[in-house]
Amino acid sequence: MRALFISVMIPMLMLSGCSTVKPWDRDLLAQKKMQLVPAPLDNALDEHIFFSKEAASGGQGLGGGGCGCN
Amino acid sequence: MQLDERSSLRSALAAASCGLLGISPALASADTPDNFQVDSALLYYAEKDRVKVAEFSGIFTQTLGEDETISLSPTIDSITGASPTGATSTDKTQTFGTNDTTPANTLPVKHFIDHRFAASVSWQRPIDRLTKTVLGAEGSAEHDYTSLGINASIARDFDNRLTTLGAGASADFDTVLPASGIVPQGLAPLGVSTNTVTAFSTPAEPVFKQVNNGVVAHTVTSASGTIIGGGSTSSGGLDSIYIPHQSRGKEVIDGHIGLTRVINRRTLMQFNYGLGISTGYLTDPYKIISMIDGTSGETVGYITEQRPQNRLRQTLYWETVVHLPEDVIHLSYRYFWDDWGIRSHTVDVHYDFELGHGFYIEPQARYYTQTAADFYHHSLIDGASLPDYASADYRLAQMTSYTYGVKLAMPLGQDGELSARASYMKQTGISHPADAIGVQTTQDLYPGLRAMIFQIGISFKL
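None of the values given here were measured: they were computed from a predicted structure. (Residues numbered from 1 in each chain as written. Chains lettered and ligands numbered in written order. Predicted model: local features only at pLDDT ≥ 70, side-chain atom pairs only at ≥ 80, totals over all residues. Heavy atoms only, no water.)

A.B. asks: An account of the overall build of chain A is needed here, citing residue identities and associated values.
C.D. replies: Of regular secondary structure, chain A possesses 2 helices and 0 strands. Counting the 70 residues in chain A, one finds 46% classified as buried. (Helix = DSSP H or I, 4+ residues; strand = E, 2+ residues; numbered from the N terminus. Buried < 20%, exposed > 50% of the residue type's maximum accessible area, 1.4 Å probe, protein only.)

Now the structure itself:
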């Protein structure tokens, strides 16, 4: 529960006072390279390698797993 | 000047309309019905003296409507080479079974060849103007491992689409089928006949075990060298004993919640919390542990490894994307912890350096560190009482890993991209631990890893 609080509530509180960005000011944010994962295939290949060579995994969301490599 | 203003007005209007239609400004690409997007890559992964992997992977996405897509992602792997067995190097030749020896002062490895076929399908659709869902399924098959999984996630925009809250869950059902057909007993010594072959006398799935031609009295040995039984040869050198191909199940449930927030016109930020539970057979059936003499440090035998049947994993993840005047920087941090005693920090940065006309060069760097699992032992002392769980898998040891890479990309047609990527990964651990005994102090007890990764990618819209 503490981790939940830290991960969601504190950022919410921190960010709630941020200035608003009007829709017509979102031209930069709309670019593909501004996506959180701009290259999903690169990301999936990397995550698979790290999953098979390290003990930790996950974080970004769903994905990974399903492999006898670890 | 007037043209610039008009152009900037046009892009602002486009962005505004995307904002009205899309869930997140970051996802507001120009998807229209009947678009078919192809992303594909060939990857070659080569460890120094160890594993080599050639892989094809793709994501094929069909746009079905506004914000609705269905995508199929196939992956084909071919894996060859050798993987550390868990046994440590020593100053004498080591023997692990028939025709399986490792010279002195050399890391024992097991050679293998495998192929993996995997595919996932994902259907993204909007529920309403502010909410979208993603439903998915995946499957993966190797000759000694299969996995089937389903997943679902939902994301909803708030606060004039400046904030997105998301949540998701997945369930994977895996089956481990050791290549030998036998799931080794955990923490059992190698080279000692357990004479348990009668346990396999009524097989559901009979297989023959090849033994040496002409040998009448023999043993049946698992891939890791464990002698699991014996019998007499009927004729032609084939074992007269039927052994069912054994398997064990493993279930993996994951869930996450996340918050994505537009900070300002140039900055996006995400926070995620993830929770995962793994249950079932989490042991690696191929890994073993060296048993050493408590005084001399010489290896006197080997046992199979055994891990707990449960694992609770948690992650905190933070990522920010910042649009600099021309370039874009992605920076992320992950903290991972589990109930096996592993704590891990990961920092990842990508810098998209714009070269103009759609060309860019992207340096990438990643730092990873982890503590060892509570039950990790580079070796165990012969004669001492065995722990409940033990593994000498280097991936559960304390380690630090650095990955450096660079990607070059050029535009291909209107919406396509051609790219090449090269990365170098280096893992280091504790080669000379404080608890090394005798001859072990002269050996490298951590099999460090160095790997090169090459990738070419092509993406386009049809």
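And the narrative resumes.
A.B. asks: Give me the lowdown on the nonpolar core, citing residues and values where you can.
C.D. replies: Counting residues in each nonpolar core, the largest one holds 30 residues, and the members touching the most others are A:Ile49, B:Tyr45, B:Trp340, B:Ile342, B:Ala373, B:Leu396 and B:Met425. Where this core is concerned, the elements lending two or more residues are α2 (40-53) of chain A together with β1 (36-47), β2 (52-65) and β25 (449-461) of chain B. Once residues lying within four places of it in the same chain are set aside, the contact partners of A:Ile49 are B:Leu43, B:Tyr45, B:Met425 and B:Ile453. Counting residues in each nonpolar core, the second largest holds 9 residues, with A:Leu29, A:Met34, B:Leu162 and B:Val328 among its members. (Core = buried A, V, L, I, M, F, W, Y, C linked by side-chain atoms within 4.5 Å. Contact = heavy atoms within 4.5 Å.)

A.B. asks: Please set out the packing of aromatic side chains residue by residue, giving values where relevant.
C.D. replies: The geometry of an aromatic ring pair is captured by the separation of the ring centres together with the interplanar angle, meaning the angle of the planes. The full count for this structure, using the stated rule, is 7 aromatic pairs over all chains. When the centroid spacing of 4.6 Å and the interplanar angle of 45° are considered together, the rings of B:Phe96 and B:Tyr302 count as tilted. In this pair, B:Phe96 sits in strand β4 (residues 94-97) while B:Tyr302 sits in strand β17 (residues 299-304), placing the two residues 206 residues apart along the sequence. Just as B:Phe96 is buried, B:Tyr302 falls in that class too. Three or more aromatic residues joined by ring pairs form one cluster here, namely B:Tyr367, B:Tyr402 and B:Tyr404. Between B:Arg50 and the ring centre of B:Tyr394, over which it is positioned, the NZ or CZ distance is 5.4 Å. Seen from the ring of A:Phe50, B:Arg366 lies directly overhead, with NZ or CZ sitting 3.5 Å from the centre. (Phe/Tyr/Trp six-rings, centres within 6.5 Å; stacked < 30°, edge-to-face > 60°. Lys NZ or Arg CZ within 6 Å of the ring centre and 35° of its normal.)

A.B. asks: Please set out the side chain of A:Lys53 residue by residue, giving values where relevant.
C.D. replies: Residue placement: A:Lys53 occurs in helix α2. Look at A:Lys53 and you get buried, because its relative accessible area is 10%. Those residues in contact with A:Lys53, other than ones at most four positions away along the chain, are B:Tyr45, B:Glu47, B:Tyr394, B:Arg395, B:Met399, B:Met425, B:Gln427 and B:Leu449.

A.B. asks: Lay out the pattern of salt bridges with the relevant residues and their values.
C.D. replies: Enumeration according to the criterion identifies 22 salt bridges over all chains in this entry. Ionic pairing is found between B:Lys92 and B:Asp91, a salt bridge with its closest N-O pair at 3.8 Å. Here B:Lys92 falls in the partly exposed class, since its relative accessible area comes to 46%. Look at B:Asp91 and you get partly exposed, because its relative accessible area is 31%. Of the charged contacts in the structure, one is a salt bridge between B:Arg395 and B:Asp284, with a shortest N-O distance of 3.4 Å. Taken together, the positions of B:Arg395 in the loop between β22 (380-381) and β23 (399-412) and B:Asp284 in the loop between β15 (267-280) and β16 (288-292) put the pair 111 residues apart, joining distant regions of the chain. Looking at B:Arg395, the relative accessible area reads 7%, which means it is buried. Through salt bridges with shared partners, a single network forms among A:Asp42, A:Asp46, B:Lys407, B:Glu417 and B:Arg421. (Salt bridge = Lys/Arg side-chain N within 4 Å of Asp/Glu carboxyl O.)

A.B. asks: Outline the interface of chain B and chain A, listing residues and values.
C.D. replies: A common way to report how large an interface is uses the accessible area buried once the components associate. Contacts between chain B and chain A engage 88 residues on the former and 51 residues on the latter. Between chain B and chain A lies a buried interface of about 5900 Å² when both sides are counted; carbon and sulfur atoms form 62% of it. In this structure, B:Arg421 and A:Asp46 form a salt bridge, with 2.9 Å as the shortest nitrogen-oxygen distance. When residues of the side of chain B that touches chain A are assigned to their parent elements, the largest contribution, 10 residues, is made by strand β14 (residues 248-264) of chain B. Residues of the side of chain B that touches chain A, tallied by class, amount to 37 nonpolar, 27 polar and 24 charged. (Buried area = accessible area lost by both parts, 1.4 Å probe. Nonpolar A, V, L, I, M, F, W, Y, C, P; charged D, E, K, R; others polar.)

A.B. asks: Describe the confidence of the model for chain B, and please don't skip the residues or the numbers.
C.D. replies: Residues and elements named next belong to chain B. With 81% of its residues at a pLDDT of 70 or more, chain B has an overall mean of 85. The low-confidence segment residues 1-30, where pLDDT is below 50, has 42 contacts with residues more than four positions distant or belonging to other chains. Every residue in residues 192-220 scores below 50 in pLDDT, and together they form 67 contacts with partners more than four places removed in sequence or on other chains. Interface confidence for the predicted complex, given as ipTM, is 0.84, next to a pTM of 0.85. (pLDDT = per-residue confidence, 0-100.)

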